[in-house]
Amino acid sequence: MTSVDGELFLWPIITDEDLAAIEEVVRNRAMSRSDITKQFEQEYADWNGVKYALGTCNGTAALAEAFWACGIGAGDEVIAPSLTYWASVAPAVSFGASVNFADVETETYCIDPDDIEHRISPRTKAIVAVNYSSMPADWDRILPIARKHNLYVIEDNSHAHGSMYKGRMCGSFGDVAAASMMTGKSFAVGEAGILTTNDRVLYERCIAFGHYERTGLPSLYNPADAQVHQGDLTPFSGLPMGGVKHRMNQTCSAMARVQLKHYPARIAEIQKAMNYFCDAIETIPGLRAIRMTGEDSGNGGWYVAKCAYDSAAFCGVSCVEFCEALAAEGVHVRAGANNPLHLHNFFHKLDLFQQGKPTVLAFGQCDTRQGTGTLPVTEKASEKLFNLPWFKHFEPTKIDPYIEVFRKIAANVSELK
Ligand SMILES: *Cc1c(COP(=O)(O)O)cnc(C)c1O
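Residues numbered from 1 in each chain as written. Predicted model: local features only at pLDDT ≥ 70, side-chain atom pairs only at ≥ 80, totals over all residues. Heavy atoms only, no water.

**With respect to the sheet that holds strand 11 (residues 306–309)**
Taking strand neighbours across the sheet as the criterion, the three strands line up as 10-11-12 in an open arrangement whose pairing is antiparallel. Strands with a single pairing partner mark the edges of an open sheet, and in this sheet they are strand 10 (287–289) and strand 12 (385–387). Adjacent strand axes in the sheet meet at a mean angle of 30 degrees when their direction is disregarded. Sheet analysis places strand 11 next to strand 12, joined by three bridges and oriented antiparallel. Looking at the pairing, Ala308 lines up with Leu385 of strand 12. With respect to the sheet, helix 10 (residues 319–328) is in contact with strand 10, strand 11 and strand 12, its orientation differing from that of strand 12 by roughly 30 degrees. (Pairing = 2+ DSSP bridges. Helix = DSSP H or I, 4+ residues; strand = E, 2+ residues; numbered from the N terminus. Axes fitted to C-alpha atoms, helices over the stretch in contact; angles between N-to-C directions. Contact = heavy atoms within 4.5 Å.)

Here is the structure:
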């Protein structure tokens, strides 16, 4: 609440070690090589508990690779949450597929497993699940649905680097996971993304789509390559099959190696600070932190972690009004959540290929466009959630004043009406 508190929230933590790593890349003029990126990928894969990791220029590019690797193309459908950032699903449309949006559930605000199965059609190829606002999706229920219907699972882990679900780290649940590492995220290294998978075929296909000069050979695992492999040993050698260049900048991967080294300790401290704060404010009726509890589960870096707000417990004062009252006392937290994607024209009208009809219908997909009122939990999320203050250090004497402000506003809520 004072300028000193800036330290309490400052992120990412940058030290001379980061700057030295970046400087070395620049002095060596090695920004566009892949040697440091490959080291980082190995370290990230080991930490995330997966076999393969692949660095990209941003999270959106990683997601595009994931969709293509899973074979999402013209006329296909994917099922995805609507309460997320557009890049979780936009690549499906850019490949000529459509998105059938499912609702989220109120415990986690991640995709509701009960709202998936009835949306599956013969054209459905994949389920996209997002670990939203640092909360792991309900993997114990999502994965069996995918297996039963033979669907790929694409995991968007952009909000949940290091989040734990029953002893296993997010980013390891989908057939392939993609995550942003842009500056605002919890694992933040500039403008970058990362793919993680245990599947050698998917890994190779991601490389084939947007990377070249990586293996020196076309992918032996890529079905498109395999067709021509018989007569020609290097059918697509030297050219990325997506016609795009998604390589990670090595100033980012050098910094990422340093960040990763310190990340487990730093998020352990965030975990302590945030749970300390959440335990205190949850004694106020009407507030519920959206968090994982239990020894083997947690919210990792707590990226935009949210609190559910029940206005009925606050004399009908809205979430926005409550946050304004907090702000008047120096506690600035944002009310709201992502705008629902299912209502956006991108998924209703966009004619990407200039065919005279919306791309989400243009290749024979079912018309799954949804209007207002179709996904009630998603559509109400903005009225029911606010972002928790994102403490980076466990310093109770500095956190306590924030708790006091919450208590004061809650105690005097009747005056707000
Ligand atoms: C940030 C974000 C992305 C996109 O990542 P960029 O690195 O910004 O391209 C994708 N999905 C989600 C859920 C995000 O929050």
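Once you've had a look at it, read on.
**Comments concerning the site of the ligand**
Close contacts around the ligand come from 15 residues, with Thr60, Asp156, His159, Ser180 and Lys185 the closest. Contact between the ligand and Gly59: an oxygen atom at 2.8 Å from a main-chain N or O atom of the residue. Contact distances for the ligand include 2.6 Å between an oxygen atom and a side-chain N or O atom of Ser180. Relative to its unbound accessible surface of 380 Å², the ligand loses 94% to contact with the protein. For the shell around the ligand, the element with the highest residue contribution is helix 4 (residues 59–69), accounting for three residues. (Near = heavy atom within 4 Å. Polar contact = N/O pair within 3.5 Å; in protein donor to acceptor, adjacent residues only side chain to side chain. Areas by Shrake-Rupley, 256 points an atom, 1.4 Å probe, with all protein chains shown as cover.)

**Quick word on the side chain of Thr197**
Locating Thr197 in the fold gives a position in strand 9 (residues 193–197). Within polar-contact distance, the side chain of Thr197 engages the backbone nitrogen of Asp199 at 2.9 Å. Contacts of Thr197, omitting those with residues within four sequence positions, involve Val50, Lys51, Tyr52, Asp175, Val176, Leu202 and Tyr203.

**A word on the packing of aromatic side chains**
Throughout the structure, instances matching the rule amount to 28 aromatic pairs. Here Tyr165 and Phe173 contribute two aromatic rings whose centre-to-centre distance is 5.6 Å and whose plane-to-plane angle is 90 degrees, an arrangement assigned as edge-to-face. Neither residue differs from the other here; Tyr165 and Phe173 are each classed as buried. An aromatic cluster is built from Phe9, Phe277, Tyr309, Phe314, Phe322, Phe386, Phe391, Tyr402 and Phe406, whose rings are joined through pairwise contacts. One cation-aromatic arrangement involves Arg205 over Trp68; the distance from NZ or CZ to the ring centre is 4.4 Å. Between Lys392 and the ring centre of Trp390, over which it is positioned, the NZ or CZ distance is 4.0 Å. (Phe/Tyr/Trp six-rings, centres within 6.5 Å; stacked < 30°, edge-to-face > 60°. Buried < 20%, exposed > 50% of the residue type's maximum accessible area, 1.4 Å probe, protein only. Lys NZ or Arg CZ within 6 Å of the ring centre and 35° of its normal.)

**Topic: the pairing of strand 2 (residues 77–81)**
With five of five residues buried, strand 2 lies mostly within the body of the structure. Residues of strand 2 alternate between two faces, with Glu77, Ile79 and Pro81 on one and Val78 and Ala80 on the opposite face, all of them buried. Note: strand 2 against strand 3 (residues 98–102), five bridges, orientation parallel. Its bridge partner lying in strand 3, Ala80 is registered against Phe101. Sheet analysis places strand 2 next to strand 4 (residues 124–130), joined by three bridges and oriented parallel. Its bridge partner being in strand 4, Glu77 is matched across the sheet by Thr124.

**Section: the environment of Leu19**
Along the polypeptide, Leu19 turns up in helix 2 (residues 16–27). When its relative accessible area of 46% is taken as the criterion, Leu19 is described as partly exposed. Spatially, the C-alpha atoms of Leu19 and Ile207 are 29 Å apart, while their sequence positions differ by 188 residues.

**Let's talk about the domain arrangement of the chain**
Often, the extent of an interface is quoted as the loss of accessible area upon association of its parts. Partitioning the chain into structural domains gives domain 1 (13–258) and domain 2 (259–337 + 379–416). Of note, the centres of domain 1 and domain 2, computed from C-alpha atoms alone, are 30 Å apart. In this assembly, 37 residues from domain 1 lie in contact with 29 residues from domain 2. Interface area, domain 1 with domain 2, both sides summed: about 2,500 Å², of which 58% is carbon and sulfur. The tally of links between domain 1 and domain 2 comes to one salt bridge. In this structure, the salt-bridge partner of Lys261 is Glu17, at a minimum N-O distance of 2.3 Å. Taken together, the links from domain 1 to domain 2 amount to 22 residue pairs in polar contact (both at pLDDT 80 or more). Every element with two or more residues in the side of domain 1 that touches domain 2 is listed here: helix 2, helix 3 (35–48), strand 6 (164–165) and helix 9 (250–281). Classifying every residue of the side of domain 1 that touches domain 2 by side-chain character gives 18 nonpolar, 12 polar and seven charged. (Domains from an automatic or database assignment. Buried area = accessible area lost by both parts, 1.4 Å probe. Salt bridge = Lys/Arg side-chain N within 4 Å of Asp/Glu carboxyl O. Nonpolar A, V, L, I, M, F, W, Y, C, P; charged D, E, K, R; others polar.)

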